[in-house]
Amino acid sequence: KNLKNLIFVSLVLVLSLTSCKDLLDVERDFSFTYELRLDSDEINYFSIDLIDFGDEVSVIGDYGDNIKDIDIRNISFWIKNHQGPNDQIIVESSLSVANFDGTNPVLVSNLENQEIATLIQNPTALDLNQDGVQKLNRLIRQTPHTLQFILMGQLDQAPANFTAVFEFEGRMTANPL
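Below is a short write-up of the structure. (Residues numbered from 1 in each chain as written. Predicted model: local features only at pLDDT ≥ 70, side-chain atom pairs only at ≥ 80, totals over all residues. Heavy atoms only, no water.)

### Some points on the overall build of the protein
- In terms of helices and strands, the protein carries four helices and eight strands.
- Counting from the amino terminus, the protein carries its helices and strands in the arrangement α-β-β-α-α-β-β-β-β-α-β-β.
- Every one of the 177 residues in the protein was classed for burial, and the buried ones make up 40%.
- For the protein, restricting intrachain contacts to residue pairs at least 6 apart in sequence, the fraction spanning at least 24 positions comes to 84%.
- Total accessible area on the protein stands at roughly 9900 Å², and carbon and sulfur atoms take up 49% of it. (Helix = DSSP H or I, 4+ residues; strand = E, 2+ residues; numbered from the N terminus. Buried < 20%, exposed > 50% of the residue type's maximum accessible area, 1.4 Å probe, protein only. Contact = heavy atoms within 4.5 Å. Areas by Shrake-Rupley, 256 points an atom, 1.4 Å probe, with all protein chains shown as cover.)

### Topic: the sheet that holds strand β3 (residues 67–80)
- An order of β1-β8-β3-β6 is seen for the four strands of this open sheet, with the pairing classed as antiparallel. In the strand order of this sheet, the two ends are held by β1 (26–40) and β6 (124–125), each with one partner.
- Across two bridges, β3 lies against β6 in antiparallel orientation. Opposite S76, over in β6, you have A125 as the bridge partner.
- Of the strands in this sheet, β3 and β8 (160–174) touch helix α4 (residues 130–141), which is tilted by about 120 degrees from β3. (Pairing = 2+ DSSP bridges. Axes fitted to C-alpha atoms, helices over the stretch in contact; angles between N-to-C directions.)

### Quick look at the packing of aromatic side chains
- Inspection of every chain in the model, using the stated rule, returns eight aromatic pairs.
- Judged by centre distance (5.0 Å) and plane angle (35 degrees), the ring pair of Y34 and F149 falls under tilted. Remark: F149 occurs in strand β7 (residues 146–155) and Y34 occurs in strand β1; sequence separation between them is 115 residues.
- A ring pair is formed by F149 and F168, whose centres lie 5.1 Å apart and whose planes are at 15 degrees; its orientation type is stacked. Remark: F168 occurs in strand β8 and F149 occurs in strand β7; sequence separation between them is 19 residues. The two residues F149 and F168 agree in class, both being buried. (Phe/Tyr/Trp six-rings, centres within 6.5 Å; stacked < 30°, edge-to-face > 60°.)

Below, the structure written as structure tokens:
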């Protein structure tokens, strides 16, 4: 009977320590804006950018290896500095995320048949591909917090001359212990 009591007390103690540790979790909302200037005489565009979230987002840099979870909740997209025809259309465009070395890209979001005029200085929430968002969350959470964004697309008419802006909104959970 004493052994049972000892096991029970030990189990309660372990569970209470575990839940106390979780009480020390720190949650912080964050946002990150990624801007890409496109300047091409063609209708197609393509860009790869290496992003270090530890450098770009202070809470990621501050908590580093203590990050338990990242949850990207929203990605908005808009256009600024448009220098093309007023009736220009994005026929198709996609944003993917890949490992820092460019391997294993996964689609985060895509647009089809979108009038650029409706996106100028007008942040629009993107439809998100959950597999891509999960990979994005994982790459931001894990050291070295670095990933590649791959943006590619096609317009109905040239030139591809504008700045594409993506704003990522999320929450980081970390435990400093």
